[in-house]
Amino acid sequence: LKIMNDNSYRLASDKPLNQIVSGNDEIAQLDHVFHDMASALKEAARKERAILENANDCICSFDSSLKFVSVNPACEDFFALVPDEIISTHLFDYLNSEDTEKACAFLSKVNRGTNPSNLTLSIKRADGEVREVLWSSQWAPTEGKAGELFSIFHDVTEHRAAERLKQEVVAMVTHDLRSPLMTVQNY
């Protein structure tokens with residue numbers, strides 16, 4: 001039992017576990033299951049880390065006052081800052097002033113537990129460039145704490161620019177065709 005207790009401490013401290021207890025009794029079986037569980041937890045954490053580190057979207061979490069708590073590597077390109085410069089800054093430091101009210105309304109819905117659709121925002125990067133993003137969030141209350149807000153920012157700047165260009169081309173072609181057709185019709 002002392003080895004099992006020590007293993008639980010070691011698992012929580014991310015230290016290597018003691019050797020598996022030998023024998024055929026219930027304690028040995030429990031220790032074997034504990035080692036299997038610890039191995040599965042480490043594998044799940046490794047997979048989660050791989051997903052977060054290789055994602056193209058900005059994946060981050062905020063505390064209850066909307067200060068960044070954690071960010072994935074994609075946030076570096078997204079905000080034009082290194083992760084240490086982003087941590088502890090406030091979300092509203094990066095929003096355009098006209099998006100602040102929309103963001104507050106969105107956060108109110110998230111806090112109530114409703115699942116609002118993604119919100120389109122403009123984010124100001126450190127280098128002055130403005131990026132259009134789709135923002136999705138989920139509030140995760142934790143026991144004894146205020147909880148965290150987990151968010152994903154998906155950059156849609158290029159997509160929106162392509163849409164605007166397409167609309168301009170259609171408007172230009174429509175105008176350019178309408179004038180000669182009106183002349184022919186009037187004639």
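All of these numbers come straight from a predicted model, not from anything done at the bench. (Residues numbered from 1 in each chain as written. Predicted model: local features only at pLDDT ≥ 70, side-chain atom pairs only at ≥ 80, totals over all residues. Heavy atoms only, no water.)

Asks: Got a minute to help me understand a negative patch on the surface in this structure?
Replies: A cluster of like negative charges, contributed by Glu76, Asp77, Asp84 and Glu85, occupies part of the molecular surface. Looking at where aspartate 84 falls in the secondary structure, it is placed in helix α4 (residues 83-86). (Patch = residues over 30% accessible without salt bridge, like charges linked within 9 Å, V, L, I, M, F, W, Y side chains within 5 Å. Areas by Shrake-Rupley, 256 points an atom, 1.4 Å probe, with all protein chains shown as cover. Salt bridge = Lys/Arg side-chain N within 4 Å of Asp/Glu carboxyl O. Lys, Arg positive; Asp, Glu negative; His and termini not counted. Charge placed at Lys NZ, Arg CZ, Asp CG, Glu CD. Helix = DSSP H or I, 4+ residues; strand = E, 2+ residues; numbered from the N terminus.)

Asks: Hey, could you run me through the state of the cysteines in this one?
Replies: Linking two cysteines covalently through their sulfur atoms gives a disulfide. Applying the stated criterion across every chain yields a total of 1 disulfide. Note that cysteine 58 is cross-linked by a disulfide to cysteine 75, the S-S spacing being 2.4 Å. Judged by the sign of its S-S torsion, about 90°, the bond between cysteine 58 and cysteine 75 is right-handed. Placement of the pair is cysteine 58 in strand β1 (residues 58-62) and cysteine 75 in helix α3 (residues 74-79), with a sequence separation of 17 residues. Cysteine 75 sits in the buried class, given a relative accessible area of 0%. A disulfide-free cysteine, cysteine 60 has its sulfur positioned 4.3 Å from the sulfur of cysteine 58, the nearest such atom. Judged by relative accessible area, which is 3%, cysteine 60 ranks as buried. (Disulfide = S-S within 2.5 Å. Buried < 20%, exposed > 50% of the residue type's maximum accessible area, 1.4 Å probe, protein only.)

Asks: Is there a simple way to think about a nonpolar patch on the surface in this case?
Replies: A cluster of nonpolar side chains, namely Leu165, Val169, Met172, Val173, Leu177 and Leu181, defines an oily patch on the protein surface of about 560 Å² accessible area. Mapped onto the secondary structure, leucine 177 falls in helix α6 (residues 157-186). Judged by relative accessible area, leucine 177 falls into the exposed class, the value being 51%.

Asks: For this particular structure, what's the right way to read the nonpolar core?
Replies: In globular proteins that are soluble, nonpolar side chains generally tend to be buried together. Counting 25 residues, the largest nonpolar core has Cys60, Phe62, Phe68, Phe79, Ile123, Trp135 and Phe153 as the members making the most contacts within it. Listed by contribution, the elements that provide at least two residues to this core are β1, β2 (68-71), α3, α5 (100-111), β3 (119-124), β4 (130-140) and β5 (148-155). Here this core takes 4 residues from α5, the largest share from any one element. With sequence-adjacent residues up to four places away left out, phenylalanine 62 is seen in contact with Lys67, Phe68, Val69, Leu91, Gly147, Glu148, Leu149, Ser151 and Phe153. (Core = buried A, V, L, I, M, F, W, Y, C linked by side-chain atoms within 4.5 Å. Contact = heavy atoms within 4.5 Å.)

Asks: Would you take a moment to explain the packing of helix α1 (residues 2-12) against helix α2 (residues 26-54) for this structure?
Replies: The relative placement of two packed helices comes down to the angle between their axes together with the axis-to-axis distance. α2 packs onto α1 with a crossing angle of 5° between their chain directions and a minimal axis gap of 11 Å. Relative to α2, the element α1 is oriented roughly parallel. Residues Met4, Asn7, Ser8 and Leu11 of α1 pack against Ile27, Leu30, Asp31, Phe34, His35, Met37, Ala38 and Leu41 of α2. Here the residues of the contact of α1 with α2 are counted per class, giving 8 nonpolar, 3 polar and 1 charged. (Axes fitted to C-alpha atoms, helices over the stretch in contact; angles between N-to-C directions. Parallel < 35°, antiparallel > 145°, perpendicular 65-115°, else oblique. Nonpolar A, V, L, I, M, F, W, Y, C, P; charged D, E, K, R; others polar.)

Asks: Is there a simple way to think about the packing of aromatic side chains in this case?
Replies: Each pair of aromatic rings is reported with the distance of its centres and the angle of its planes. Counted under the stated rule, the structure contains 9 aromatic pairs. Measuring from centroid to centroid gives 5.6 Å for phenylalanine 68 and phenylalanine 79, while their planes differ by 80°, and the two rings are edge-to-face. Separated by 11 residues along the polypeptide, phenylalanine 68 in strand β2 and phenylalanine 79 in helix α3 bring together distant segments of the chain. The two residues phenylalanine 68 and phenylalanine 79 agree in class, both being buried. Ring centres of phenylalanine 106 and tryptophan 135 lie 4.7 Å apart, and the angle between their planes is 45°; this geometry places the pair in the tilted category. One end of the pair, phenylalanine 106, is in helix α5; the other, tryptophan 135, is in strand β4, and 29 residues separate them in sequence. Of the residues examined, phenylalanine 106 reaches a relative accessible area of 5% and is grouped as buried. The rings of Phe62, Phe68, Phe78, Phe79, Tyr94, Phe106, Trp135 and Phe153 are connected pair by pair, giving a single aromatic cluster. (Phe/Tyr/Trp six-rings, centres within 6.5 Å; stacked < 30°, edge-to-face > 60°.)

Asks: Mind showing me how you'd approach α5 here?
Replies: Structural remark: α-helix, 3.6 residues per turn; residues separated by three or four positions point the same way. With 12 residues, α5 ought to run about 16 Å at 1.5 Å a step, and its terminal C-alpha atoms sit 16 Å apart, in line with that. Listing the buried residues of α5 in full gives Ala103, Phe106, Leu107 and Val110. The buried residues of α5 occupy an angular sector of 100° when the element is viewed end-on, so they sit on one face. Residues of α5 that are buried sit in contact with β3, β4 and β5. (Expected span 1.5 Å × (residues − 1). Arc of directions from axis to C-beta.)

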